[in-house]
Amino acid sequence: YVNFTLGEVAKDRVTVELSNKYFFTDLSNFTVQWQLTEDGQGIGRGVQTLDSVAPGESASVSLRLPLSRLKLKPGAEYFLNVSLTQNHDELYAKAGHMVACEQFKLPIRTPEAPSLELARLRALAVADEGDSIIVTGRKIKAVFSRSAGMLSSLAYDGVEVLANGGGPRLNLFRAPVDNDNWLRRDIERSGIANLSYTVKNITVEQPARGIVRVRCTVDCAGKAETGMVHTATFTIFGDGSIDVTNQVEPYGNLTFLPKLGVSLVLPKGLDDLTWLGRGPHESYVDRKRSADVGLYSGKVAAQYERYVRPQENGNKTDVRWATLTDKKGKGLQVVTDGTYSISAHHNTAADYDQARHIDKVVPRDEVYLCIDAAHMGLGGASCGPRPMNQYILNAGPARFRYSLRPATADARVQLPNLGAPLVIRDKGGMVGIEANISGSVEYRLNDGAWTSYAKPFDLVEGGVVEARVHLSDKLASDIARVEFEKIVPLQELDKSTWQVVHVDSFEPGEGEAR
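As the structure is a prediction and not an experimental result, all values here were calculated from the model.

Engineer: For this particular structure, what's the right way to read the pattern of salt bridges?
Structural biologist: It is possible for side chains of opposite charge to pair when their charged atoms get near one another. Considering all chains together, one arrives at 25 salt bridges under this definition. For Glu 461, the salt bridge identified is with Lys 486, shortest N-O distance 3.6 Å. Placement of Glu 461 in the loop between β29 (457-458) and β30 (463-470) and of Lys 486 in the segment after β31 (480-484) is noted, with a sequence separation of 25 residues between them. Connected via shared salt-bridge partners are Glu 77, Lys 105 and Arg 320.

Engineer: Explain the packing of aromatic side chains here, please?
Structural biologist: A full pass over the atoms with the stated rule returns nine aromatic pairs. Here the aromatic rings of Tyr 304 and Tyr 352 are separated by 5.4 Å at their centres, their planes lie at 20°, and the arrangement is stacked. Of the two residues, Tyr 304 sits in the loop between β20 (292-299) and β21 (316-325) while Tyr 352 sits in helix α2 (residues 349-355), which places them 48 residues apart along the sequence. Geometrically, the ring pair formed by Tyr 443 and Phe 457 is stacked, given 4.4 Å between the ring centres and 10° between the ring planes. With a gap of 14 residues between them, Tyr 443 in strand β27 (residues 440-445) and Phe 457 in strand β29 connect regions that are remote in the sequence. Grouping residues by exposure puts Tyr 443 and Phe 457 together as buried. Taken together, the ring pairs in this structure connect Tyr 1, Tyr 22 and Phe 30 into an aromatic cluster. We note Arg 169 situated over the ring of Tyr 197; from NZ or CZ to the ring centre the distance is 4.4 Å. Looking at Arg 468, its charged tip hangs above the ring of Trp 450, at a distance of 3.9 Å from the centre.

Engineer: Mind showing me how you'd approach the nonpolar core here?
Structural biologist: If you look at soluble globular proteins, the nonpolar side chains tend to sit buried side by side. One finds Phe 144, Leu 154, Phe 234, Ile 236, Ile 242, Leu 266 and Leu 404 to be the most contacted residues of the largest nonpolar core, which totals 62 residues. Those residues in contact with Ile 236 that lie beyond four places of it in its chain are Leu 124, Val 135, Ile 140, Phe 144, Gly 210, Ile 211, Val 212, Val 214, Ser 241 and Ile 242. Counting residues in each nonpolar core, the second largest holds 23 residues, with Trp 34, Leu 50, Val 53 and Val 82 among its members.

Engineer: Honestly, the sheet that holds strand β2 (residues 13-20) in this entry has me stumped. Any pointers?
Structural biologist: Within a beta sheet, neighbouring strands are joined by backbone hydrogen bonds and run either parallel or antiparallel to one another. The antiparallel open sheet is built from three strands, whose spatial order is β1-β2-β5. Both outer strands of the open sheet, β1 (2-9) and β5 (58-64), are each paired with one neighbouring strand and no more. With direction set aside, neighbouring strand axes in the sheet form an average angle of 25°. Bridge count between β1 and β2: six bridges; the pairing is antiparallel. Note on β2: the bridge partner recorded for Thr 5 is Glu 17.

Engineer: Can you walk me through the pairing of strand β19 (residues 272-279) in this structure?
Structural biologist: Side chains on a regular strand alternate between the two faces of the sheet. Counting buried positions over the eight residues of β19 gives seven, a clear majority of the element. Relative to β20, β19 runs antiparallel, the two being bridged by eight bridges. Along β20, the bridge assignment pairs Trp 275 with Tyr 296. In terms of strand pairing, β19 meets β21 through five bridges, oriented antiparallel. Counted as the bridge partner of Asp 272 is Thr 325 from β21.

Engineer: Quick question: what am I supposed to make of the environment of Asn 253 here?
Structural biologist: Looking at the secondary structure, you find Asn 253 in the loop between β17 (242-251) and β18 (259-266). A C-alpha to C-alpha distance of 8.0 Å links Asn 253 and Glu 225, two positions 28 residues apart in sequence. Setting aside anything within four residues of it in sequence, one finds Asn 253 in contact with Arg 189 and Thr 226.

Engineer: Which parts of the structure should I look at to understand the environment of Leu 475?
Structural biologist: Note that Leu 475 resides in the loop between β30 and β31. In this structure the C-alpha to C-alpha distance between Leu 475 and Thr 336, which are 139 residues apart in sequence, comes to 23 Å. Among all residues touching Leu 475, those that are not within four sequence positions of it are Leu 118, Pro 207, Ile 211, Leu 418 and His 470.

Engineer: Quick question: what am I supposed to make of the pairing of β21 here?
Structural biologist: Among the 10 residues in β21, 10 count as buried, and that is most of the element. Summarising the sheet, β21 and strand β22 (residues 331-345) pair through seven bridges and their orientation is antiparallel. For Lys 316, the partnering residue across the bridge sits in β22 and is Ile 342. Linking β21 back to β22 in an antiparallel pair, the connection comprises five residues, with Gly 329 at a positive phi of about 85°.

Engineer: Any chance you could explain the sheet that holds strand β11 (residues 150-156) here in plain terms?
Structural biologist: Read from one edge to the other, the open sheet built from five strands follows the order β8-β9-β10-β11-β12, with strand pairing classed as antiparallel. Each end of this open sheet is capped by a strand with a single partner; those strands are β8 (125-129) and β12 (159-160). The pairing of strand β10 (residues 140-145) with β11 spans six bridges and is classified as antiparallel. Counterpart to Val 143 in the pairing with β11 is Ser 153.

Engineer: For this particular structure, what's the right way to read unusual backbone geometry?
Structural biologist: Where the residue is not glycine, phi is negative for most of them; where a peptide bond is considered, it is trans in most cases. For the peptide bond that leads from Gly 279 to Pro 280, omega is 0°, which places it in the cis range. Relative to the helices and strands, Pro 280 resides in the loop between β19 and β20. The phi angle at Asp 157 is positive, at roughly 50°, despite the residue not being glycine. Relative to the elements of secondary structure, Asp 157 occurs in the loop between β11 and β12. Phi at Ala 224 is positive, roughly 50°, even though this residue is not glycine.

Engineer: Before we go on, may I ask you to explain the state of the cysteines in this structure?
Structural biologist: Here, the word disulfide means a covalent bond between the sulfur atoms of two cysteines. All told, the structure shown has zero disulfides when counted by the stated rule. Of all cysteine sulfurs in the structure, the one in Cys 220 sits closest to Cys 216, which takes part in no disulfide; the separation is 11 Å.

Cut-offs and rules
- Residues numbered from 1 in each chain as written.
- Predicted model: local features only at pLDDT ≥ 70, side-chain atom pairs only at ≥ 80, totals over all residues.
- Heavy atoms only, no water.
- Salt bridge = Lys/Arg side-chain N within 4 Å of Asp/Glu carboxyl O.
- Helix = DSSP H or I, 4+ residues; strand = E, 2+ residues; numbered from the N terminus.
- Phe/Tyr/Trp six-rings, centres within 6.5 Å; stacked < 30°, edge-to-face > 60°.
- Buried < 20%, exposed > 50% of the residue type's maximum accessible area, 1.4 Å probe, protein only.
- Lys NZ or Arg CZ within 6 Å of the ring centre and 35° of its normal.
- Core = buried A, V, L, I, M, F, W, Y, C linked by side-chain atoms within 4.5 Å.
- Contact = heavy atoms within 4.5 Å.
- Pairing = 2+ DSSP bridges.
- Axes fitted to C-alpha atoms, helices over the stretch in contact; angles between N-to-C directions.
- Disulfide = S-S within 2.5 Å.

It is worth stressing that arrangement in space is one thing and function is another; only the former is reported here.
As C-alpha cells, this is what we get:
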C-alpha cells in the first residue's frame, strides 16, 4: 500500500517520494530502512523515522547516503534498496515486519570496466587430432568434436568443468508450466523438445598467437522439417576466457518459442551456485519485480521449486554472471550482458515434464545448466489469458552472446566482441550489414573482392554475401556468410472478369449444420 519513486540523487543524499495508498493508516507507524549495494554487496545502510503522511497523501524523504565518499569500482552497478517496517507489534505481525519495499538503480557514472589486454595474452596451441580440435594454453584445455559440432571438454587448471559431451547445445524447450496449456500443442507439433543435431560445418583459425576461433554450424531439427540452424563461434583467449557468439536462423513452421538459449551439462561436484542477478527466489520475465538484483549463493539442489506437477522452475532473471564451483572454489563462470536468465538443476527439463508428479522426480548427479537469452513469459492461461504481447517469444533470426571463464576470473573484464556482423535483406532486395563493434566493415559478393561497406545495396538477383569487421590491421571479426535466393516478383493478374460462382460456410469434417 505504499508506492516509492526515486527523486533527486545528490552527492550526499537521495530523495525518495512515498505515496500512502492506505485508507486508514498513517505512514508515521513505519520506519524507513535503506541499503546501498555495489555489485550486489551491501556497502552502507541506515534507518530513518517518518513524519506524518496521511492516507492518500505523499511526501518526500531525504536519505543521507555516503555517495561522495564512495571509491567507485570500474564497471560496477549501484542499487538503493528501500523498505518500510512496522514500529510496533500488530495482531498480524511483530515490530520490524516489512510492509513495503522497492529497489532503484542509481544513476552513478562509474569508470569504464577493464578490458582484456590483447597484447598481453599468453600463446595458445592448436592441434588437430582425428575427430578432435584441441586448444591448449597455460590455464585452459578446450576440446571440440568435429562429429558433434560442439565444445565437448573444457578444463581450467586441470579441473574438468563439462561432463562428457556436455558443451553448449541450442535449447528451445522448457518443461511446460500449468499456464503453458496454450503453448503445448506448438511444442509437440514442432518437436523442439527433442531436437536432433546434425553438423553442417566446423572450422578453426588462429588470428593471433593468443586467440583461436572455432566456428560450429549445426542444424537443430525438430519435426516436420522445422528447426533452426545454429552457428556458434567460440573465440578462445590466452587468459582462458571463451567468448561465444551465436546466430540462429529458424526454418519451417516455427512460431512460438518457450525459450532461446543453450544448455550445458556439468560434472558431479560443481554444485555451489553463486550469481549476480535477481533472487534469491525464482523469477521470470513477467514475474520478477519481487526479486531484487543482488549477489546470491546456494546449492544447486536448493534451486528446485517442488511443484506438485513438476514443471519449469528455479529460473533467475537479469543475471550478470554466475559461477558453479566445487568445494575448493574451482569451476565455471558464465558472464552475460545482464538481461539473460540462468537456471541450474540436478534434472533435465524432460525429467520434470515426464515425471507428472512430485514424487517421480529423481535427482541426477550431474548439473544441468541453462543460459537463456530470451524466455517466454508465464502468463496466466491455466485460468486466464496467455502472456502479454511484450512477453511473447516469437521465432525469428536472432543473435546472442555470452562468455565462459574460470570461476575465479574477474567478471567485470570486457572481452572484445569478435563475432560476425549481421547481414540482412529486406523485402525490396536491399542488403544491410549491422555490426556491434567499432571498426571498418567490409563485404564481398560471390567470392569477389572485398569492398568497404557504406550503405545498403541492391541484391534482388540473389547471391552469397560475406561480411567482416576490421578492428585493427592484425585483427578482424568472424566472417558472416549468407546466401540469398533471387526475389521473384508476384505476377499481377487481371481480376476484372472474375466471378464468384460458389460460396460455402461449411468446413470439412465439421458435420451438418443444426
